[in-house]
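Fold and geometry: a report
Chain by chain, the residues:
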Amino acid sequence: MLMLPSDDNLKYVIGDPAFFSGRPLRPFDTVVRTFLARLSKRLIADAATRSMPDVMSFAWWCRKSNIEQQALIYDDNILRIGRGLVFHVTPTNVPVNFAFSWVFSLLAGNANVVRLPNRRFPQIEFLVQHIKRLLDEEPFGHISRMNVFVIYGHEDRINAAFSAIADARVLWGGDATIHTIRKFPQPARSVDICFANRYSFCILGAAQIIALEQSNLDRLVSRFFNDAYIMDQNACSSPRMVVWYGDKSQAEQAGDRFWATLRTIVEGRYELTAISSVDKLMQACRDAIELDCLSEMRRGDNRIYRIRLDSLPEDIIQRHCGSGYFYEYTTHNLDQIAPIITSSFQTLTYYGVSREELTSFVSKNQISGIDRIVPVGEAMDIGLVWDGYDLIRTLSRVCDIH
Amino acid sequence: MKTRTTVVVEELLATPPFGMESGEKRGLYAQELSDLTLHHYHCCPEYRRLSCLLGYTPDARMAVEEIPFIPVRLFKEYDLLSVGKQDIIKTMTSSGTSGQAVSRIYLDKTTAAYQTKALVRIVSSFIGNKRLPLLIVDSPSVIKSRALFSARGAGILGFSMLGRDATYMLDENNQIDFARLDAFLEKHRSSRILFFGFTFIIWEYLCQALRREGRRLEIDGILIHGGGWKQLTSIAVDNATFKKELRETCGIQSVCNYYGMVEQTGSIFMECSQGVLHASLYSDLIIRDPVTFSVLPVGQPGLVQLVSLLPSSYPGHSILTEDIGEILGEDDCPCGRKGRYFRIHGRVKNAEVRGCSDVDATQ
């Protein structure tokens, strides 16, 4: 049995530290699958889920058919087993992230200590209740002993205590959190999965956008809206820059159509706050002062800022603002983007660019970033492969049997 | 050599600050703010770049509402000057808690002098031209460096010129120096007393301190205070409560709030007998829709944009604050002052940051 720390400022929200077991299972264990299938059903059946789209997408991800499909991908005749105890430090401002992080590790076969965000979100309280209730049922007694969910402040000693017994740490929350947690030593064989500050962009084929019928354009732009606006353009996978693939006049025409359509959607579905409006003006002033390649700004009624660039500064993707602030660049040669692609680049969403063009762009340019290339609309679809990590394989070990 | 704008501003500083009707003021501002914008466009490289991006073209005459406005936060991130560094005689900084970025406002001799004159003109309209004995509700330690002024220090120095025998009421530890206070009151027994201080300091270190000590003062005085209501709003103290507290603890009947900021020092907005804030001849305000920035009419609350004719050494003549305010009317306040009068509702709400990176990871 593994001793979990106790501390006045440490609260075990789910699970009993006195009966904790850190021993791993094989990935996609049958009981875990049964558990997730039932959790998914319960969540989908709960009327409250409907008002929380992020909880719904989590519930949808956990459904039986999806897990079975995922299991097939890892059915590779290699004997794998979970690493043991995984310590999750989840981000404060993405409510359902803790649940995904936990489920991915659970599927890999691990016991888990999940640190919940201190900020109260209805989604978290809702999910915690469901998870807790289900873990108390049969036949989940065993996995119940393998999982605790905890809340504490910024106590170093608690971070240190969990780090000291973790076979792996999953660190969300960006560079600052990673540097904080990395100060605490872990066992020699322990691994870290770090979700650092990452940024994303989108490539749109100008001619293809022009050719779209309005109804299809509406659908595409609505998917783009989800990519960009659901997390206020602040998620690591939200597009911050749109690259128009085509010539200048095509890009002009495609841009007018695209942004006009987005504007209509934004008006109906996004509430721009006063402070974000000021933030965007502030960012525009910074850009005006600092960037030499700024050709034009269009901002209409402030809902969408379009900052048009003649060339791409190295740090363009890290210039931060969110809330509907887009850099735009036009090129008929994708290779021109390659020099600015650093390891900070995560997701590339695309429309109207062929798989061959994208593959050739990535393979011939020796780029050190971009871990995901997905169609517009799938930027937020988190999965077992995320941010360049295969979570099942990274969070399990191989028992090489000959 | 004096520019045309300088001559105009100097004339205005010799004119009663609340005598001009809005129609005339609008015409004056259209002309003078355009000239001032052009001046900053030519003299401040950063301003030139951002004003162009915001749609300014130097050869076009613009209505006051069309002149670009820059967020006050910009002064926290950049040193913005429209004169040579060698001409700067004073650098003002906003008050900010430690670790927070502060605004840095660069003043040359001309702008500093304008600000001082404007302040005197405006305040005299409320307390008369006679210089009253002045009690500063603060500690002398606030004024440390003469070249680097915090908002608190600047306010104190500015107001010091409006009274005589300026005396600090608090010691280094923000405790009331009763010996000094009693001596001051004894010396000026026959006179009305002018009080000046920051809203929160007055509440905490004067009113509440007196209550704790179980002392009550009975002073024939007029108290002017500013600096913002943020800390008091959080403990549910409003203007009416504040006034009542001063009546009860100090016997002060006349309490006057002002609204102003270090980015436009001098041209403050003072509260009249009707309890509303007034724009003087030296500055004005425009209320904008918080989201779209379109200009809002009288009676609709929105973001406060401040324009002023005084700033020539730094491009602060048209700034967008993060305060929400509402114009209540113009030219017809029963107190008799012309121009716009308004109310401030508070700060805009901070954003609930969404996204993958923690905002409080290092706290």
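Just so it is clear, the structure is predicted and the values come from calculations on it, not from any experiment. Here the residue index of a chain counts from 1 through its sequence in written order. Chain labels run from A onward and ligand labels from 1 onward, assigned in the order the entries are written. pLDDT decides what is reported in this predicted model: residues at 70 or higher carry local features, side-chain atom pairs at 80 or more are listed and counted, and totals for whole chains, interfaces and linings draw on all residues regardless.

Helix and strand definitions here come from DSSP, where helices need a minimum of 4 consecutive H or I residues and strands a minimum of 2 consecutive E residues; each element is numbered from the N-terminal end. Within chain A, the secondary structure is distributed over 14 helices and 17 strands. In summary, chain A has a C-alpha radius of gyration of 23 Å against a globular reference of 21 Å for 402 residues, a match within 12%. Referenced to the eigenvectors of the C-alpha coordinate spread, the extents of chain A come out at roughly 65 × 50 × 45 Å. Exposure criterion: with C-beta atoms placed from backbone coordinates, a residue whose C-beta has 20 or more other C-beta atoms within 10 Å is buried, one with 12 or fewer is exposed, and one in between is partly exposed. For chain A, buried positions account for 46% of its 402 residues. Across chain A, every contact between residues at least 6 apart in sequence was considered, and the portion connecting residues at least 24 apart equals 75%. When we talk radius of gyration, it's over C-alpha atoms, and the globule rule is simply 2.2 Å times the number of residues to the 0.38. By the convention adopted here, residues are in contact when the distance between their C-beta atoms, placed from the backbone, does not exceed 7 Å.

On to the overall build of chain B. Counting its secondary structure elements, chain B contains 10 helices and 15 strands. Since a compact globule built from 363 residues should have a radius of gyration of about 21 Å, the 21 Å found for chain B is in line with a globular shape. Across its three principal directions, the C-alpha atoms of chain B cover 65 × 55 × 45 Å. For chain B, the share of sequence-separated contacts (at least 6 apart) that also reach a separation of at least 24 residues comes to 71%.

All names here are of chain A. Strand pairing is assigned whenever DSSP identifies at least 2 bridges connecting the two strands. Here we have six strands laid out as an open sheet, ordered β1-β5-β4-β3-β6-β7, and mixed in their pairing. The sheet is open, and its two edges are formed by β1 (11-14) and β7 (191-194), each paired on a single side. Averaged over all adjacent pairs, the angle separating strand axes in this sheet is 20°, with direction ignored. Relative to strand β6 (residues 168-171), strand β3 (residues 85-89) runs parallel, the two sharing four bridges. When the bridges of β6 are listed, V89 appears paired with L171. Of the strands in this sheet, β1 and β5 (147-151) touch helix α5 (residues 122-135), which is tilted by about 75° from β1. A fitted line through C-alpha atoms serves as each axis, taken over the contacting stretch for helices, and the angle formed by two N-to-C directions is quoted from 0 to 180°. On top of the sheet, helix α8 (residues 174-182) reaches β3, β6 and β7; it is set at about 155° to β6, its chief contact.

The subject of this paragraph is the domain arrangement of chain A. Throughout the structure description, domain borders are defined by an automatic or database domain assignment. On domain assignment, one finds that chain A holds domain 1 (11-195 + 387-398) and domain 2 (199-375). Each of domain 1 of chain A and domain 2 of chain A has a C-alpha centre, and the two are 33 Å apart.

As a further point, take the packing of helix α1 (residues 30-45) of chain A against α5(A). All names here are of chain A. The contact between α1 and α5 brings their axes to 11 Å, and the two run at 135°. Judged by the angle between their axes, α1 and α5 are oblique. You can see that α1 and α5 cross each other, and the crossing is right-handed. Contacts from F35, R38, L39, R42 and L43 in α1 reach H130, I131 and L134 in α5. Note on residue categories: nonpolar means Ala, Val, Leu, Ile, Met, Phe, Trp, Tyr, Cys or Pro, charged means Asp, Glu, Lys or Arg, and polar means any other residue, Gly included. Per-class residue counts for the contact of α1 with α5 are five nonpolar, one polar and two charged. Small angles under 35 degrees read as roughly parallel and large ones over 145 as roughly antiparallel, with 65 to 115 read as roughly perpendicular and the rest as oblique. Left-handed is the label given to a crossing in which the near helix is rotated counterclockwise from the far helix by less than a right angle, and right-handed is the label when the rotation is clockwise.

It is worth spelling out the interface of chain B and chain A at this point. Of the residues lining the interface, 31 residues belong to chain B; the matching set on chain A comes to 35 residues. Elements with a minimum of two residues in the side of chain B that touches chain A: α3 (45-53), β1 (70-71) and β14 (318-330) of chain B. The biggest single contributor to the side of chain B that touches chain A is α3(B), with four residues. Residue classes in the side of chain B that touches chain A are distributed as 17 nonpolar, six polar and eight charged.

Cis rather than trans, the peptide bond between A:E138 and A:P139 has omega equal to 5°. The residue A:P139 is located in the loop between α5 and α6 (141-145) in this model. The phi torsion at A:Q233 lies on the positive side, around 65°, for a residue other than glycine. Residues other than glycine seldom take positive phi values, yet B:D331 does so here, at roughly 70°. With respect to the helices and strands, the residue B:D331 is situated in the loop between β14 and β15 (340-347).

We now examine α1(A). Residue and element names in this part refer to chain A. Given the number of residues in a helix, its expected span is that number minus one, multiplied by 1.5 Å. Its 16 residues give α1 an end-to-end C-alpha distance of 23 Å, which sits within 8% of 22 Å, the value for a rise of 1.5 Å per residue. Within α1 the residues assigned to the buried category are V32, F35, L36, L39, S40 and L43. The arc that holds every buried residue of α1, seen down its axis, measures 130°, which confines them to one face. Away from its buried face by more than 90 degrees, α1 exposes T30 and A45. Where α1 is buried, its residues touch α2 (53-61), α3 (64-73), α4 (97-108), α5 and α6. It is the directions from the helix axis to the C-beta atoms that the arc portrays.

The next subject is the packing of helix α12 (residues 274-290) of chain A against α3(B). Put simply, α12(A) and α3(B) touch, their axes get as near as 8 Å, and they point 125° apart. With respect to α3(B), the axis of α12(A) lies oblique. Handedness of the α12(A)/α3(B) crossing: right-handed. Residues A:A284, A:C285, A:A288 and A:I289 of α12(A) form the contact with α3(B), whose participating residues are B:E46, B:R49, B:L50 and B:L53. Of the residues that constitute the contact of α12(A) with α3(B), the class distribution is six nonpolar, no polar and two charged.

Let us now look at the environment of B:K130. When you line up the elements, B:K130 lands in the loop between α5 (109-127) and β4 (132-137). The spacing of B:K130 and B:R164 is 34 residues in sequence and 9.6 Å in space, taken between C-alpha atoms.

Residue and element names in this part refer to chain B. Relative to the 27 Å expected for 19 residues at 1.5 Å per residue, α5 spans 27 Å between its end C-alpha atoms, a close match to the ideal helical length. The inward-facing, buried residues of α5 contact α1 (4-12), β3 (104-108), α6 (151-160) and β10 (269-271). One or two positions beyond α5, positive phi appears at G128, with a value near 85°.

Here the focus is the sheet that holds strand β14 (residues 372-375) of chain A. All names here are of chain A. Read from one edge of the open sheet, seven strands run β10-β11-β12-β9-β8-β13-β14, paired in mixed fashion. The outermost strands of the open sheet, each flanked by one partner alone, are β10 (294-298) and β14. In this sheet, neighbouring strand axes are inclined to one another by 25° on average, regardless of whether the strands run parallel or antiparallel.

The subject of this paragraph is the confidence of the model for chain B. Overall, the predicted model of chain B reaches an average pLDDT of 91, with 93% of residues at or above 70. Here the prediction assigns the complex a pTM of 0.91, and the interface score ipTM is 0.92. The pLDDT value expresses, per residue, how confident the predictor is, ranging between 0 and 100.

Residues and elements named next belong to chain A. In the sheet, strand β13 (residues 345-351) pairs with β14 via four bridges, with the strands oriented parallel. The partner of T349 across the bridge, within β14, is V374. Once you follow β13 into helix α13 (residues 355-364) and on to β14, the crossover reads as right-handed. For the handedness criterion, the strands are oriented away from the viewer, and a crossover whose path from the first strand over the helix to the second runs clockwise is classed as right-handed.

What follows is about the nonpolar core. A:L204, A:M241, A:V243, B:V137 and B:F195 are the most contacted members of the largest nonpolar core, which has 140 residues in total. When residues in this core are grouped by element, the largest group, six residues, is from α12(A). In this structure A:L204 touches A:I209, A:V242, A:W244, A:Y245, A:A254, A:F258, A:Y351 and A:G352, once residues within four positions along its chain are discounted. Each nonpolar core consists of buried Ala, Val, Leu, Ile, Met, Phe, Trp, Tyr and Cys residues. Their C-beta atoms, within 7 Å, join them into a set. Counting 62 residues, the second largest nonpolar core, distinct from the first, contains A:L25, A:V32, A:A59 and A:A168.

This brings us to the environment of B:C333. Structurally, the position occupied by B:C333 is in the loop between β14 and β15. Ignoring anything within four residues of it in the chain, the contact list for B:C333 reads B:C272, B:Q274, B:V276, B:H278 and B:Y341.

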